[in-house]
Amino acid sequence: MNKHTLKPGLQYRAETVLYTGHFVTVNEDQPRATAVVVANGKISFVGTKEQAETYLSNEGIDYHLDEQFASKTIVPGFIEAHMHPLGAALFTARFAYAGQIERTGKGGVILPASLTKEALQAKLNAFVQAHNEAGKQGEWLNLWGLDPLLLTDETAVDRDFLDAICADSPIFYMHSSCHVAVFNSMAIEKVGFSLEDNPAFVFRKDNRLTGEVAELPDIMRAVKLGGFDMGTPEDAVAAMLGYADSTFRLGVTTMSDCGMGVPQNPYPLYQALSQMPAFKARIAAYPLLPNFQEQELAHYKEQSNDRLFATKVKHIATDGSIQGFTAVLKQGDKYYNGRESGHFQYSAETTYDNVFYAHKLGYSISFHCNGEGCTEALLDLIERMQNECPQPNVRHCLEHNQMVNPQQMDRMKKLGVVHNLFGTHIPYWGDVHATQTVGPERVKTLNPFQSSIRKGIPFAIHCDDVVTQVNPLFMMWGAMNRQCVFSGTVYGEDECLTAEQALHAVTLGAAYLMEQEHMIGSIEVGKLADLAILEHDPLQVAKQVVKDIKVHATMLGGDVTVHRSEHGTQHDETTATLTV
Ligand SMILES: [Zn+2]
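Just so we're clear, the structure is a prediction, and the values are computed from it rather than from any experiment. Numbering of residues begins from 1 in every chain and follows the order in which that chain's sequence is written. With the structure being a predicted model, the display of local features is reserved for residues of pLDDT at least 70 and the display and counting of side-chain atom pairs for 80 or more, all residues being used for whole-chain, interface and lining totals.

(A) Spatial organisation of helix 3 (residues 117-133). For the purposes of this entry, the term helix denotes a DSSP run of H or I that reaches at least four residues, the term strand denotes a run of E that reaches at least two, and both are numbered from the N terminus. Any helix carries an expected span of 1.5 Å times its number of residues minus one. Its 17 residues give helix 3 an end-to-end C-alpha distance of 24 Å, which sits within 8% of 24 Å, the value for a rise of 1.5 Å per residue. Of all the residues in helix 3, the buried ones are L120, L124, V128 and H131. One side of helix 3 carries all its buried residues, which in axial view fall inside an arc of 70°. In helix 3, those exposed residues whose orientation departs by more than 90 degrees from the buried face are E118, A122, A126, Q129, A130 and E133. The first or second residue beyond helix 3 is G135, which carries a positive phi of 75°. Neighbour counting defines burial: a residue surrounded by 20 or more other C-beta atoms within 10 Å of its own C-beta is buried, one with 12 or fewer is exposed, and intermediate counts give partly exposed, using backbone-placed C-beta atoms. By arc we mean the arc of the directions from the helix axis to the C-beta atoms, nothing more.

Now the structure itself:
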């Protein structure tokens with residue numbers, strides 16, 4: 001495992017700056033500080049102002065004192081260890097949003113939620129009209145963000161629903177989970193979905209296709225036919241610059257591509273972006289298995305620098321999502337509303353063949369995993385791989401692992417397996433998990449944050465953007481309150497994190513999962529100077545208002561950007577109404 005700080009991807013400013021403020025370091029050896037010295041993109045001193053001045057004068061270093069953040073709380077830059085930035089950027093920039101959760105779009109525009117059948121129909125009708133007015137009648141219409149479970153009136157969004165809105169352009173409507181898509185009749189015909197297809201993934205009712213298609217192998221059939229209008233490479237650069245700007249405003253300094261390679265390999269794009277100072281993020285890219293073989297993986301690892309690193313890998317073709325009812329449950333279990341368990345995409349033997357080569361090469365593998373049955377199967381797989389080829393240093397990770405049970409966590413501990421829990425699931429799907437997917441008891445132990453701490457399992461929390469939008473402070477709030485935004489109900493108070501634990505999960509915890517905890521994730525000497533400068537201390541405010549804390553500025557490798565609101569004015573401190 002690479003334990004060296006990666007080489008610089010961009011040149012950093014050499015000037016030495018002494019910053020003052022209230023630093024919450026996420027370093028247990030020195031949890032608080034009031035001064036930090038930054039030079040060459042890195043942190044060179046942490047302590048008090050007086051200590052820093054003594055250090056600088058003893059070393060004979062010329063410096064500049066910057067006290068603009070003296071009244072702010074400064075935490076490590078936030079790290080999102082499971083997201084899909086290219087998909088999120090392109091969907092946001094190019095596709096029509098028809099989801100049930102409000103999001104922020106390009107330029108800070110609010111993309112409202114459509115929660116009823118009428119609201120959704122009206123929105124889709126408007127998109128169809130715009131599509132036709134643009135002269136695109138007959139061409140693919142791309143929609144995204146659907147979650148039928150979140151519609152308040154149990155509307156079935158299937159081919160018939162879509163046909164009634166538009167029958168003369170093929171529609172590709174992606175669920176927010178990205179594990180299911182729904183197509184209208186014209187699209188079904190164009191792609192050639194038929195009753196011959198596997199009913200586990202190409203759904204049907206009364207011997208007729210419903211238009212709902214689950215999981216990548218079948219969804220990709222539509223993508224390969226041009227079903228997604230991804231635009232030109234220039235469009236992708238523009239979309240990514242805009243997207244990174246919006247995440248940077250929220251204090252994110254490192255993002256991940258937790259599955260690099262679908263539908264195309266974006267590595268050349270990421271390389272170009274990582275050399276642009278205007279692109280405000282570091283990217284941890286996880287090449288997908290088995291798409292990339294030994295030499296390509298070695299090449300990415302070798303090329304890695306501190307702006308773009310690809311040192312671990314991802315395998316996604318396991319089970320699906322809980323809200324899509326495609327997650328694989330424990331053998332014999334059904335969903336709470338009576339629906340059957342989901343299915344594995346491939347046999348255990350095929351999965352083993354698809355990933356064992358990377359294990360043998362010493363890569364840490366992140367596995368997509370939602371259902372309890374999938375957790376079990378992946379622990380069996382990891383145990384088998386470790387028996388056949390012991391790799392004591394790898395950190396195989398179960399991504400989501402939402403339904404993991406206590407016995408499985410004991411097995412994880414024994415096998416050295418870590419996990420990345422879903423920070424925003426209870427806030428958005430808590431109610432439907434209680435009433436439809438897993439039931440009112442089981443929902444309380446979904447994403448067992450506090451149990452992970454008790455059992456000593458390293459973990460991070462994530463948003464999985466495109467599934468839910470990046471926003472680390474909202475995610476911290478979610479893990480600290482486990483409250484559903486729709487009903488206000490709390491699901492599983494015992495599993496709530498404290499503010500300190502939640503902050504760790506979105507900084508150092510995420511860095512550990514990326515295998516870069518020696519380089520990012522805390523405010524420590526030698527680490528990169530990536531900081532989020534906040535208006536309030538998340539460890540001091542009431543836990544209900546952590547999501548409302550404003551990010552005043554973000555520092556990436558020593559470069560500071562003070563954020564301005566959409567109207568061009570800086571956040572006005574006097575409007576802050578948080579209870580401190
Ligand atoms: Zn994902």
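(B) Molecular detail of the pairing of strand 13 (residues 202-205). By this definition, two strands are paired if DSSP reports at least two bridges between them. In the sheet, strand 13 pairs with strand 14 (residues 208-214) via three bridges, with the strands oriented antiparallel. Among the inter-strand pairings, K205 is bridged to a residue of strand 14, identified as R208. Hairpin connection from strand 13 to strand 14: two residues lie between these consecutive antiparallel strands, with D206 at a positive phi of about 50°.

(C) Structural view of the packing of helix 7 (residues 233-248) against helix 8 (residues 267-274). Between N-to-C directions, angles cover 0 to 180 degrees, with each direction set by a line fitted to C-alpha atoms, over the stretch in contact for helices. As a packed pair, helix 7 and helix 8 sit with axes 11 Å apart at the nearest point and diverge in direction by 55°. Considering the angle they form, helix 7 stands oblique to helix 8. Crossing of helix 7 against helix 8: the hand is right-handed. For the pair helix 7 and helix 8, the contacting residues are P233, A236, V237 and M240 in the first and L269, A272 and L273 in the second. Residues are sorted three ways: Asp, Glu, Lys and Arg are charged, Ala, Val, Leu, Ile, Met, Phe, Trp, Tyr, Cys and Pro are nonpolar, and all the rest, Gly among them, are polar. Class assignment for the residues of the contact of helix 7 with helix 8 results in seven nonpolar, no polar and no charged. By the definition adopted for this analysis, an angle is roughly parallel if under 35 degrees, roughly antiparallel if over 145, roughly perpendicular if from 65 to 115, and oblique otherwise. Working rule for handedness: look at the near helix, and if it is turned counterclockwise from the far one by less than a right angle, call the crossing left-handed; if clockwise, right-handed. Whether two residues are in contact is decided by their C-beta atoms, placed from the backbone, lying within 7 Å.

(D) Summary view of the packing of helix 10 (residues 348-360) against helix 11 (residues 372-388). Close contact between helix 10 and helix 11 brings their axes to 11 Å; oriented N to C, the two are set at 50°. As far as their axial angle goes, helix 11 and helix 10 are oblique. The hand of the helix 10/helix 11 crossing is right-handed. The residues of helix 11 that touch helix 10, namely those facing A348, T351, Y352, F356 and H359, are A377, L381, R384 and M385. Looking at the contact of helix 10 with helix 11, its residues break down into six nonpolar, two polar and one charged.

Shape is all these values report; function is a separate question.
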